Structures are given as C-alpha cells and as structure tokens.
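Architecture and fold: a report
Residues per chain are reported as follows:
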Amino acid sequence: MKKKLTALEYTSWGASSNHNSTINTIINQAQLTNVIAYNSGDKFGQVPIGKEQLLALNPDIIIIPGKDNDGFKQQLLHDPALQTLTAIRDRHVISLPHALRSTDSQYIADAIIYLNHKVYQPHDSSSIH
C-alpha cells in the first residue's frame, strides 16, 4: 500500500488550518494527511505559517482557496524561495473553489470528492469541476 500523501492548505495571507477546521476534515476524507493538523492555532483553526515553516513541512500537495486564475497559484509556483518544495517541484498546487472550501453543509462531500479526484485522478475528465 502506498503511503498517504501529505497536504497543507495555504492561503495568500500566510495561514493554514489545523484539526479545528472544516478543511482538515476535507483533507483527511480525501485520503491525505494534513501536515499542520496538530499545530496550535486560533479558535477557527487558523495557523500562521511563514515560508520557512512551509519549507520545513514540505507537503506533497498544497491546497489553495480560490481559482487557478486568481494569481496566487502562479505566485507560489514561481516563488524562488519555494522551488525546493515537493508540491512546487511536482506542480501539485490545487485550487479549491471557495464554494467547496467554505462549506459546512452536506456539500462537504463534494469538496472531498473534488480534492480526491484532483490529487489521485488529475486527468479524469469526469471529475467534479
């Protein structure tokens, strides 16, 4: 059995989400391991994360909120300081649309399926878009 890939949500304001967040549930249920899950954060599960910490955690997948065309994805992919990260090197930066990222309803299942397909079946055209 392959080892579970590691993942980290990373926002444009330099934060991630720990075990006290919905995104942690989405990451885990999508068959990924949240590398920041047990770091201390605020009451909403937000954990400030600098580039140095991001480099130390070196996730296989970086999940960003929003759309591919928001510019943040390209900023990460071309940041000279982040080129040694596995997720950057392998181009595994996945945009999770806000409608899926922020759900607290039954639509959380859509977010889990979306993320799982983007990671494990990236070329499957039948994936949820």
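Our subject is the structure listed above.
All values reported here derive from a predicted model rather than from experimental measurement.

1. Quick look at the packing of helix α1 (residues 22–29) against helix α6 (residues 108–120)
- With their axes 8 Å apart at the nearest point, α1 and α6 run at an angle of 50° to one another. Overall, the two elements α1 and α6 adopt an arrangement that is oblique. The way α1 lies across α6 gives a crossing that is right-handed. In this structure, α1 contributes Thr22, Thr25, Ile26, Ile27 and Gln29 to the contact, and α6 contributes Ile108, Ala111, Ile112 and Leu115.
- Looking at the contact of α1 with α6 residue by residue, the classes come out as six nonpolar, three polar and no charged.

2. Re the pattern of salt bridges
- Applying the stated criterion across every chain, the model contains three salt bridges.
- Lysine 51 serves as the salt-bridge partner of aspartate 79, at 2.5 Å between the closest nitrogen and oxygen. Of the two residues, aspartate 79 is situated in the loop between α3 (72–77) and α4 (86–89) and lysine 51 in helix α2 (residues 51–57); the sequence distance between them amounts to 28 residues.
- Judged by relative accessible area, aspartate 79 falls into the buried class, the value being 13%.
- Between aspartate 90 and arginine 89 there is a salt bridge, with the nearest N and O atoms lying 3.4 Å from each other.

3. Some words on the environment of valine 35
- Tracing the backbone shows valine 35 in the loop between β3 (32–34) and β4 (46–48).
- The exposure class of valine 35 is partly exposed, given its relative accessible area of 22%.
- Apart from the residues lying within four places of it in its own chain, the contact partners of valine 35 are Thr6, Ala7, Leu8, Leu57 and Pro59.

4. A few points about α1
- Buried residues of α1: Ile23, Asn24, Ile26 and Ile27, and no others. Buried residues in α1, looked at end-on, bunch into an arc of 160°, giving them a common side.
- Trailing α1 by a residue or two, glutamine 31 shows a phi angle of about 70°, which is positive.

5. Here's the deal with the environment of threonine 22
- Looking at the secondary structure, you find threonine 22 in helix α1.
- With sequence-adjacent residues up to four places away left out, threonine 22 is seen in contact with Thr103, Asp104 and Ile108.

6. Here we look at α6
- Counted at 1.5 Å a residue, the expected span for α6 with its 13 residues is 18 Å, and the 18 Å between its end C-alpha atoms agrees.
- Taken together, the buried residues of α6 touch β1 (5–9), α1, β3, β5 (61–65), β6 (93–96) and α5 (98–101).

Here is what the cut-offs are and how they apply
- Residues numbered from 1 in each chain as written.
- Predicted model: local features only at pLDDT ≥ 70, side-chain atom pairs only at ≥ 80, totals over all residues.
- Heavy atoms only, no water.
- Axes fitted to C-alpha atoms, helices over the stretch in contact; angles between N-to-C directions.
- Helix = DSSP H or I, 4+ residues; strand = E, 2+ residues; numbered from the N terminus.
- Parallel < 35°, antiparallel > 145°, perpendicular 65-115°, else oblique.
- Left-handed = near helix turned anticlockwise from the far one by under 90°.
- Contact = heavy atoms within 4.5 Å.
- Nonpolar A, V, L, I, M, F, W, Y, C, P; charged D, E, K, R; others polar.
- Salt bridge = Lys/Arg side-chain N within 4 Å of Asp/Glu carboxyl O.
- Buried < 20%, exposed > 50% of the residue type's maximum accessible area, 1.4 Å probe, protein only.
- Arc of directions from axis to C-beta.
- Expected span 1.5 Å × (residues − 1).

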